[in-house]
Amino acid sequence: MDYSSFVTAIGNYAERDDISTYIDTFIELAESRIFRDLDLKARRANNTTTTTAGDSFLNLPTGTLQVRNIQLVLSNTDRVNLIPKTTGFLHEFWPDRTEQGQPAYYARWDDTTIQLAPTPNDAYSIEASTTVLPARLSASNTNTWLSDYAPDLLFYAVMMEVQSFIKGEVAASGLDPENPGYYLVQYTAAVERVRREELSNTGTDHYRGGVI
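Residues numbered from 1 in each chain as written. Predicted model: local features only at pLDDT ≥ 70, side-chain atom pairs only at ≥ 80, totals over all residues. Heavy atoms only, no water.

## A closer look at the confidence of the model for the chain
Phase 1: When the pLDDT values of the chain are averaged, the result is 87; 88% of them are 70 or greater.
Phase 2: Ranking the elements of the chain by mean pLDDT puts helix α6 (residues 170–173) last, at 48, and strand β9 (residues 119–120) first, at 98.
Phase 3: Scored below 50 in pLDDT, residues 206–212 shows 2 contacts in the model against residues more than four places distant or in partner chains. (pLDDT = per-residue confidence, 0-100. Helix = DSSP H or I, 4+ residues; strand = E, 2+ residues; numbered from the N terminus. Contact = heavy atoms within 4.5 Å.)

Structure (structure tokens):
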């Protein structure tokens, strides 16, 4: 479902002429709710970067929300998983940042940077697996993973925001005045459906899952 169809559907269900004025806000709030409730594979990204010898800090890919895994790629192409720690641990483990060695640990320094310890002694290739914030559904970005593959989930999340906006005008809105939590129930069910679909694609296949 593209942006135009989605906006039309929301307006038809809400039966409010003023909904279109706030639809982008509703979508943004709904997407934020979904992203906090579900760890969607569509939000995962893999990037490659390179350390600088003598620099213990490494910039994260733009838009990184969460660091899932950091791998150090050695010259013989072997990969070493760096161990996540706190900055306090790194400061105690490697108090003199001018000393250099092969990195073994990393810690999130701020929103855009991680710290490595030991401080890199070479230009190592780094593979970073991260969670990112995808582009929002909008008039300029008419299709997203949610709108194409989980439109029911996004629809119910948006309708909850519409309900909250309407507040005491539930009866006039076309929503069910006897059951104002209807869309919350539908949203919760949609979350579980998507979660099951995500899990079904993790760590198994039809053969190992018992399906011939």
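What follows picks up the thread again.
## Focus on the pattern of salt bridges
Phase 1: Inspection of every chain in the model, using the stated rule, returns 8 salt bridges.
Phase 2: The salt bridge partner of K41 is E198, with a shortest N-O separation of 3.7 Å. Residue K41 is found in the loop between α2 (19–37) and β1 (44–50), and its partner E198 is found in helix α7 (residues 182–200); the two are separated by 157 residues along the sequence.
Phase 3: For K41, a relative accessible area of 27% gives the class partly exposed. (Salt bridge = Lys/Arg side-chain N within 4 Å of Asp/Glu carboxyl O. Buried < 20%, exposed > 50% of the residue type's maximum accessible area, 1.4 Å probe, protein only.)

## Let's talk about the packing of aromatic side chains
Phase 1: According to the stated counting rule, one finds 14 aromatic pairs in the structure shown.
Phase 2: Ring geometry for Y22 versus F26: centroids 6.3 Å apart, planes at 45°, classification tilted. Taken as a pair, Y22 and F26 lie in helix α2 at a separation of 4 residues, close to a single helical turn.
Phase 3: An angle of 10° between the planes, with centres 5.9 Å apart, marks the rings of F89 and F93 as stacked. With a gap of 4 residues between them, F89 and F93 both fall in helix α3 (residues 87–93), about one helical turn apart.
Phase 4: Taking relative accessible area as the criterion, F93 reaches 35% and is therefore assigned partly exposed.
Phase 5: Feature note: the residues Y13, F155, Y156, Y182 and Y183 constitute an aromatic cluster, connected by ring pairs.
Phase 6: The ring of Y187 has R33 lying over it, and the distance from NZ or CZ to the ring centre is 5.9 Å.
Phase 7: Across the ring face of F89, the terminal group of K85 is positioned such that the distance to the ring centre comes to 4.7 Å. (Phe/Tyr/Trp six-rings, centres within 6.5 Å; stacked < 30°, edge-to-face > 60°. Lys NZ or Arg CZ within 6 Å of the ring centre and 35° of its normal.)

## A short note on unusual backbone geometry
Phase 1: Of the consecutive residues A117 and P118, the connecting peptide bond is found in the cis state with omega at -10°.
Phase 2: Topologically, P118 is positioned in the loop between β8 (113–117) and β9.

## As for the sheet that holds strand β10 (residues 125–132)
Phase 1: The 4 strands lie next to each other as β1-β10-β3-β4, forming an open sheet whose pairing is antiparallel. Each end of this open sheet is capped by a strand with a single partner; those strands are β1 and β4 (79–81). Each adjacent strand pair in this sheet contributes to an overall mean axis angle of 30°, direction not counted.
Phase 2: Here strand β3 (residues 64–73) pairs with β4 via 3 bridges, running antiparallel. Residue pairing in the sheet places L72 in a bridge with V80 of β4. (Pairing = 2+ DSSP bridges. Axes fitted to C-alpha atoms, helices over the stretch in contact; angles between N-to-C directions.)

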